[in-house]
Amino acid sequence: MFKGFGGSKKKSVLEDNELTTGIVQHPVTGLWQTWISFTGQDIQCITAHNHREDANRVSKQIASAWSEGKYQTQEEVTAFIKSLPTDSVIDPLPQNVVMQLSQQALRVRK
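Basis of the calculations
Residues numbered from 1 in each chain as written. Predicted model: local features only at pLDDT ≥ 70, side-chain atom pairs only at ≥ 80, totals over all residues. Heavy atoms only, no water. Buried < 20%, exposed > 50% of the residue type's maximum accessible area, 1.4 Å probe, protein only. Helix = DSSP H or I, 4+ residues; strand = E, 2+ residues; numbered from the N terminus. Pairing = 2+ DSSP bridges. Expected span 1.5 Å × (residues − 1). Arc of directions from axis to C-beta. pLDDT = per-residue confidence, 0-100. Contact = heavy atoms within 4.5 Å.

### Brief notes about the pairing of strand β2 (residues 19-25)
Remark: a regular strand shows side chains that alternate across the two faces of the sheet. Taking burial as the measure, the seven residues of β2 include five buried ones, the bulk of the element. Bridging between β2 and strand β3 (residues 32-37) involves six bridges; their strand directions are antiparallel. The partner of Gln25 across the bridge, within β3, is Trp32. Counted along the chain from β2 to the antiparallel partner β3, the turn is six residues long, and its residue Gly30 has a positive phi close to 80°.

### Section: helix α1 (residues 52-67)
For α1, spanning 16 residues, the distance from its first C-alpha to its last is 23 Å, which sits close to the expected 22 Å at 1.5 Å a residue. Looking only at α1, the buried set comprises Ala55, Val58, Ser59, Ile62, Ala63, Ala65 and Trp66. Burial along α1 is one-sided: seen end-on, the buried residues are contained in an arc of 165°. With respect to the buried face of α1, the exposed residues turned more than 90 degrees away are Glu53 and Arg57. One or two positions beyond α1, positive phi appears at Gly69, with a value near 70°.

### Digging into the confidence of the model for the chain
Per-residue confidence for the chain gives a mean pLDDT of 85; residues scoring 70 or more make up 82%. Looking across the chain, the model is least confident in strand β1 (residues 2-4), with a mean pLDDT of 49, and most confident in strand β4 (residues 44-49), with 97. Ignoring residues within four places in sequence, the model shows residues 3-13, a span with pLDDT below 50, making 37 contacts including any to other chains.

Shown next, in the form of structure tokens:
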């Protein structure tokens, strides 16, 4: 799990302009999905990969981009996310997995 920077309008347990990102293996498809959260509670998967190394590389790319402050506007953030490589359609995660990721994101904050 990596921390970076971004923005959010939801109630946040993270600092302003902070983003948490990581990877998770989908329990049904077996694909490795990268996820982001701006609040620690809003887990959103943004890419899916056949190989763990690819997902890990993208997650690090996300964290690096945010920590360097490369993207300031909603349009820039959206374009950046759309530019990330992905191998497949992103399948929604089961709620229990989302809850586990949220707990992990909150622990990183402590």
